[in-house]
2 protein chains.
Amino acid sequence: MRSAYHEQLDALSSQLGEMCGMAGVAMERATQSLLQADLALAEQVITDHELIAESSARAEESAFILLALQAPVAGDLRSVVSSIQIVADVDRMGALALHVAKIARRRHPQHALPEEVNGYFAEMGRVAVELGHGAQEVLITRDPEKAARIREEDDAMDDLHRHLFTVLMDREWKHGVAAAVDITLLGRYYERFADHAVEVARRVIFQVTGELPTADGELNAR
Amino acid sequence: MRSAYHEQLDALSSQLGEMCGMAGVAMERATQSLLQADLALAEQVITDHELIAESSARAEESAFILLALQAPVAGDLRSVVSSIQIVADVDRMGALALHVAKIARRRHPQHALPEEVNGYFAEMGRVAVELGHGAQEVLITRDPEKAARIREEDDAMDDLHRHLFTVLMDREWKHGVAAAVDITLLGRYYERFADHAVEVARRVIFQVTGELPTADGELNAR
């Protein structure tokens, strides 16, 4: 039989997983609003952000109640502490999707992006959704192999981000500084979104193994 | 007589305070390295970042031990949970100073900044140090008035950031896209540094009052 503690921790993990899924969907929609200059979709991401923020507050409260009522020790205590840290990462993923939507809204009815870089953002949006779902899966299955896959998606995001910069830095760039500033910020938002998904996966692996993988994936006792 | 719990929580708060001070100094040096194209100083920030990362791991461990050994309840439990969240913010402040130093290093022996925007960054660097010290003071004194002062410094940072963007967007901008990209990222790093200092102050006020101030400074029960 499972203890009340483990049931509550599982419930908390699915709650966090759902938030990752929501953040992924938000980033997907924000990307669409950016690519299509779709104001309604941008507004929807902005409104829906409230739901992620509320989930975040609820998850934090669940973790707190778990600590208060179950007073877990040792590995169980580490798991709850990790959950509290994971909330902050997922919350931030939602905020980054919000930032993307806000740039789409600010530039409407214009497109924020010159057509030349649309492909990069379409792809970064796709990777972001994968990362959201991947982090959700890792939270639920606690499978280290799935966590490794998130790292691969993150590498893909870093590559896209790097290529995007070479396009910007090209002497042939003819879309002016304002577009370059938007693209720089947008690129940073996607990159950070991926970093936070990786961080979620690292924390889950820490919950499972008691060791925190380093940024490059090796396990290190802390 | 003070309990062992309160002594340990105070020790943890000063540890977090010291980290804020270190992050402020790191941002001050990173700013100098940027303004003077001073490679040695940039390298020092990059090396010293290890110290902030280690402090971070130690503070997280102290909070964990406090939870494990003292099993605090109610308000005391909330305080330790807040401390765990504060570690993540201060850790991030250090990482942002590191990013600034890395841009200075990447552009060396060139200056990353055109002279025209030096004044903005000198001022943003000054505000960042104030924020580091301010957050340290708030952590030690738990004084809500000092927390309010951090919010004012953050407003000053936002103003600087906004003005910096109008300079970039000016049709007269003649320093090219590469400089604009660097400045966009740098501006973002300073802005985020300030946001995290505000977040630290909010968490401390939450420790004291049990209410989490909203982003605009009002108290809201959660």
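What comes next concerns the included structure. If you're wondering where the values come from, they're calculated on a predicted model, not measured in any experiment.

### Quick word on the overall build of chain A
Within chain A, the regular secondary structure consists of 6 helices and 2 strands. Taken from N to C terminus, the helices and strands of chain A fall in the order α-α-α-α-α-α-β-β. Taking 2.2 N^0.38 as the reference for a compact globule, 222 residues should give roughly 17 Å; the C-alpha atoms of chain A span a radius of gyration of 19 Å, in line with that estimate. When its C-alpha atoms are laid out on the principal axes, chain A stretches across 65 × 35 × 20 Å. Burial statistics for chain A: of 222 residues in total, 54% are counted as buried. Excluding contacts between residues fewer than 6 apart, the proportion of contacts in chain A whose partners are at least 24 apart in sequence is 80%. Split by element, the accessible area of chain A, about 9,700 Å² in all, is 50% carbon and sulfur. In chain A, the 22 positive side-chain charges and the 36 negative ones have mean positions that sit 4 Å from each other.

### As for the packing of aromatic side chains
Evaluated as defined, the whole model comprises 2 aromatic pairs over all chains. For the ring pair F121 of chain A and Y190 of chain A, a centre distance of 5.6 Å and an interplane angle of 65° mean the geometry is edge-to-face. A residue pair is termed long-range when its members are at least 10 positions apart, and F121 of chain A in helix 4 (residues 118-141) and Y190 of chain A in helix 6 (residues 176-209) qualify at 69 residues. On the basis of relative accessible area, Y190 of chain A is assigned to the buried category, the value being 0%. For the cation-ring pair, R78 of chain A lies above F64 of chain B, with the distance from its terminal atom to the ring centre recorded as 3.8 Å.

### Things to note about helix 5 (residues 144-169) of chain B
Relative to the 38 Å expected for 26 residues at 1.5 Å per residue, helix 5 of chain B spans 38 Å between its end C-alpha atoms, a close match to the ideal helical length. Its side-chain oxygen at 2.8 Å from the backbone nitrogen of E145 of chain B, D143 of chain B defines the N-terminal cap of helix 5 of chain B.

### Regarding unusual backbone geometry
The general pattern is negative phi for most residues beyond glycine and trans for most peptide bonds. Residue and element names in this part refer to chain A. Backbone torsion omega between H108 and P109 reads 5°, so that peptide bond is classified as cis. We note that A71 has phi near 40°; this positive angle belongs to a residue other than glycine. With respect to the element layout, A71 can be found in the loop between helix 2 (39-70) and helix 3 (74-107). For A71, a relative accessible area of 45% corresponds to the partly exposed category.

### Notes on the pattern of salt bridges
All names here are of chain A. Enumeration according to the criterion identifies 24 salt bridges over all chains in this entry. Between R202 and E199 there is a salt bridge, with the nearest N and O atoms lying 2.8 Å from each other. Here R202 and its partner E199 are both found in helix 6, 3 residues apart, which amounts to about one turn of the helix. An identical accessibility class is assigned to R202 and E199; each is buried.

### Section: the side chain of R192 of chain B
By secondary structure assignment, the location of R192 of chain B is in helix 6 (residues 176-209). A distance of 3.1 Å separates polar atoms of two side chains, one belonging to R192 of chain B and the other to D195 of chain B. Not counting chain neighbours up to four residues away, the residues in contact with R192 of chain B comprise R92 of chain A together with L96 of chain B.

About the cut-offs
Residues numbered from 1 in each chain as written. Chains lettered and ligands numbered in written order. Predicted model: local features only at pLDDT ≥ 70, side-chain atom pairs only at ≥ 80, totals over all residues. Heavy atoms only, no water. Helix = DSSP H or I, 4+ residues; strand = E, 2+ residues; numbered from the N terminus. Rg over C-alpha atoms; globule rule 2.2 N^0.38 Å. Buried < 20%, exposed > 50% of the residue type's maximum accessible area, 1.4 Å probe, protein only. Contact = heavy atoms within 4.5 Å. Areas by Shrake-Rupley, 256 points an atom, 1.4 Å probe, with all protein chains shown as cover. Lys, Arg positive; Asp, Glu negative; His and termini not counted. Charge placed at Lys NZ, Arg CZ, Asp CG, Glu CD. Phe/Tyr/Trp six-rings, centres within 6.5 Å; stacked < 30°, edge-to-face > 60°. Lys NZ or Arg CZ within 6 Å of the ring centre and 35° of its normal. Expected span 1.5 Å × (residues − 1). Polar contact = N/O pair within 3.5 Å; in protein donor to acceptor, adjacent residues only side chain to side chain. Salt bridge = Lys/Arg side-chain N within 4 Å of Asp/Glu carboxyl O.

Remember that the coordinates give geometry; whether it matters functionally is a separate question.
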